[in-house]
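Structure assessment
In case you want the letters, here they are:
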Amino acid sequence: MASFLHDTAVENSTTIPGILLSDFYTRSHGYMVKRSKGTQDFYLTYTVSGKGLFHNGKEALECSEGDVTIITPGTPHYYATSERHIWRFYWCHFVPREDWAPLLLLPDGVQGIKWLRIDSAAMNSRVSSAFAQLLQYNLESGPFSERLASNALEEVLLLIASSHAAEIQNIDPRIQEALNLISNRYHQPFTVASLAAQVNLSPSRFAHLFKLQTGESVMDMLIKVRLRHAKKRLEYTSLSIAEIAAEVGFNNPFYFTRQFASFYGCPPAAFRRSLQSSHAGKTPQ
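Below, the structure is looked at part by part. Numbering of residues begins from 1 in every chain and follows the order in which that chain's sequence is written. Whole-chain, interface and lining totals are the exception, using all residues; otherwise, since this is a predicted model, local features are given only for residues with pLDDT of at least 70 and side-chain atom pairs are given and counted only at 80 or more. For side-chain calculations, the full set of non-hydrogen atoms in the structure is used, while hydrogens and water are omitted.

For the protein, the count of helices and strands is 11 helices and 11 strands. Sorting the 285 residues of the protein into buried and exposed places 48% on the buried side. Within the protein, counting contacts between residues at least 6 apart in sequence, those at least 24 apart form 74% of the total. Areas reported here follow the Shrake-Rupley algorithm with a probe of radius 1.4 Å; residue values treat only the protein chains shown as occluding. Summed over its atoms, the accessible surface of the protein is roughly 14000 Å², and 53% of this surface lies on carbon and sulfur atoms. Comment: elements are numbered from the N terminus, with helices defined as DSSP H or I runs of at least four residues and strands as E runs of at least two. A 1.4 Å probe rolled over the protein chains alone gives each residue an accessible area, and that area as a share of the maximum for its type sets the label: buried under 20%, exposed over 50%, partly exposed in between. Contact definition: two residues touch when any of their heavy atoms are within 4.5 Å.

Unusually for a residue other than glycine, arginine 84 sits at a positive phi of about 65 degrees. Inspection of the secondary structure assignment puts arginine 84 in the loop between strand S8 (77-81) and strand S9 (86-94). For arginine 84, a relative accessible area of 74% translates into the label exposed. Residue asparagine 200 is not a glycine yet carries a positive backbone phi of 60 degrees. Tracing the backbone through its elements, the reader meets asparagine 200 in the loop between helix H6 (192-198) and helix H7 (203-214). Taking relative accessible area as the criterion, asparagine 200 reaches 68% and is therefore assigned exposed.

Here we take up the packing of aromatic side chains. Note on ring pairs: Phe, Tyr and Trp rings are taken, using the six-membered ring of Trp, and paired if centres are within 6.5 Å. Classes follow the plane angle, with under 30 degrees stacked, over 60 edge-to-face and the rest tilted. Under the counting rule described, the total for this entry stands at 24 aromatic pairs. Taking 5.7 Å as the distance between ring centres and 90 degrees as the angle between the ring planes, the aromatic pair formed by phenylalanine 54 and tryptophan 87 counts as edge-to-face. Here phenylalanine 54, found in strand S5 (residues 52-55), pairs with tryptophan 87, found in strand S9; they are 33 residues apart in sequence, far enough to count as distant. Here phenylalanine 54 and tryptophan 87 have matching classes, each one buried. Ring geometry for phenylalanine 250 and phenylalanine 256: centres 5.3 Å apart, planes at 45 degrees, overall tilted.

Right, let's get into the layout of surface pockets. Points on a 1 Å grid, built from protein atoms alone, make a cavity when a 1.4 Å probe fits but cannot get out and make a pocket when they are open with protein on both sides within 12 Å along at least 5 of 7 lines; residues with an atom within 4 Å of a point are the lining residues. Grid points are joined across faces, edges and corners, and a volume is the space filled by probe spheres set on the points. As a volume, the second largest pocket reaches approximately 330 Å³. Forming the walls of the second largest pocket are 14 residues, and the residues nearest its centre are Thr72, Thr75, Gln111, Gly112 and Lys211. Of the residues that constitute the lining of the second largest pocket, the class distribution is three nonpolar, seven polar and four charged. Residue polarity is assigned by list, with Asp, Glu, Lys and Arg as charged and Ala, Val, Leu, Ile, Met, Phe, Trp, Tyr, Cys and Pro as nonpolar; anything else, Gly included, falls into the polar class.

Bringing the nonpolar core into the picture now. Side-chain atoms within 4.5 Å link the members of a nonpolar core, which is a set of buried Ala, Val, Leu, Ile, Met, Phe, Trp, Tyr and Cys residues. Residues Phe206, Phe210, Leu227 and Phe256 are the most contacted members of the largest nonpolar core, which totals 36 residues. For this core, the elements supplying multiple residues, two or more each, are helix H5 (173-184), H6, H7, helix H8 (218-236), helix H9 (241-248), helix H10 (253-264) and helix H11 (268-280). With eight residues, the top contributor of residues to this core is H8. With sequence-adjacent residues up to four places away left out, leucine 227 is seen in contact with Phe250, Phe256, Gln259, Phe260, Phe263 and Tyr264. Counting 29 residues, the second largest nonpolar core, distinct from the first, contains Leu44, Tyr137, Ala152 and Leu159.

As a further point, take the environment of threonine 47. Relative to the helices and strands, threonine 47 is located in strand S4 (residues 42-49). Judged by relative accessible area, which is 0%, threonine 47 ranks as buried. Residues threonine 47 and aspartate 67 lie 20 residues apart in sequence; the distance between their C-alpha atoms is 5.5 Å. Residues in contact with threonine 47, not counting those within four places in the same chain, are Cys63, Ser64, Glu65, Gly66, Asp67, Trp87, Arg88 and Phe89. A polar atom in the side chain of threonine 47 sits 3.1 Å from the side chain of tryptophan 87. Side-chain atoms alone can form a polar contact between residues adjacent in sequence; in general such a contact is a pair of N or O atoms within 3.5 Å, and within protein one must be able to donate a hydrogen while the other accepts it.

Further remarks concern the packing of helix H2 (residues 121-139) against helix H3 (residues 145-162). Axis lines are fitted to C-alpha atoms, over the contacting stretch for helices. Their N-to-C directions set the angle, which ranges from 0 to 180 degrees. Contact geometry for H2 and H3: axes closest at 8 Å, N-to-C directions at 165 degrees. As judged from the angle between their axes, H2 and H3 are roughly antiparallel. Here H2 and H3 pass one another in a crossing that is left-handed. Listed contacts from H3 to Met123, Arg126, Val127, Ala130, Phe131, Gln133, Leu134, Tyr137 and Asn138 of H2 are Ser145, Leu148, Ala149, Ala152, Leu153, Glu155, Val156, Leu159 and Ser162. The residue inventory of the contact of H2 with H3, partitioned by class, reads 12 nonpolar, four polar and two charged. Roughly parallel here means an angle under 35 degrees, roughly antiparallel means over 145, roughly perpendicular means 65 to 115, and every remaining angle is called oblique. Working rule for handedness: look at the near helix, and if it is turned counterclockwise from the far one by less than a right angle, call the crossing left-handed; if clockwise, right-handed.

Structural data, given as structure tokens:
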């Protein structure tokens, strides 16, 4: 009988932007992961050999050598090694930067799970190499390891995107405009309705199209961008929690604290204390 693994650690938490969870697995038949509530991050896999099976609760999708999948946030799913196969694959949980949205526009394999096959041997070699670099940077603890890992993941996504460049150009310009507004003016009191008005769409049509093209809701994207900027202020300024909340667009510091704790796993004050403790414990070179 097949063994079963329930990945509650990933299901019940989020991946911190810039801190990427990734690995390379070799798994025989009997390996299975189930997430009945999905994840709050994106989950990318790239199959090197063998076969794996993905299921969204209604439809199944089998992946083989050169296949890329991205499970979008909130998609209930399970995946497993196909019968009579040994599945070798790279994987990565990540929260994308907002400017990565066009790179995530892979075709839908089944609802909630994007899929693409890379046929070129040369391109497959480059994707494998970039993934290997990503894993290496994640193992390191140097001052730039996190940024190098993020850059390596971006390279993976760019290589994948270049395999279907024509589709990548199909992002709706109104959604791109909204992404630019969120990225550059995140501190403003945006709502779905106000952003929809900016790009001349009805709120319902805008919300549907945004989710379809980015894999995330409008407000989830906006909150993540704000939290990312709040994290930087906690790291590099002495502003109070209330001041940071206001600067990045949260009117209520208590709501900001709740969102930050949900996203990063601890309240902003505790996050700042952990940084201070870490810096205090470092011995000058």
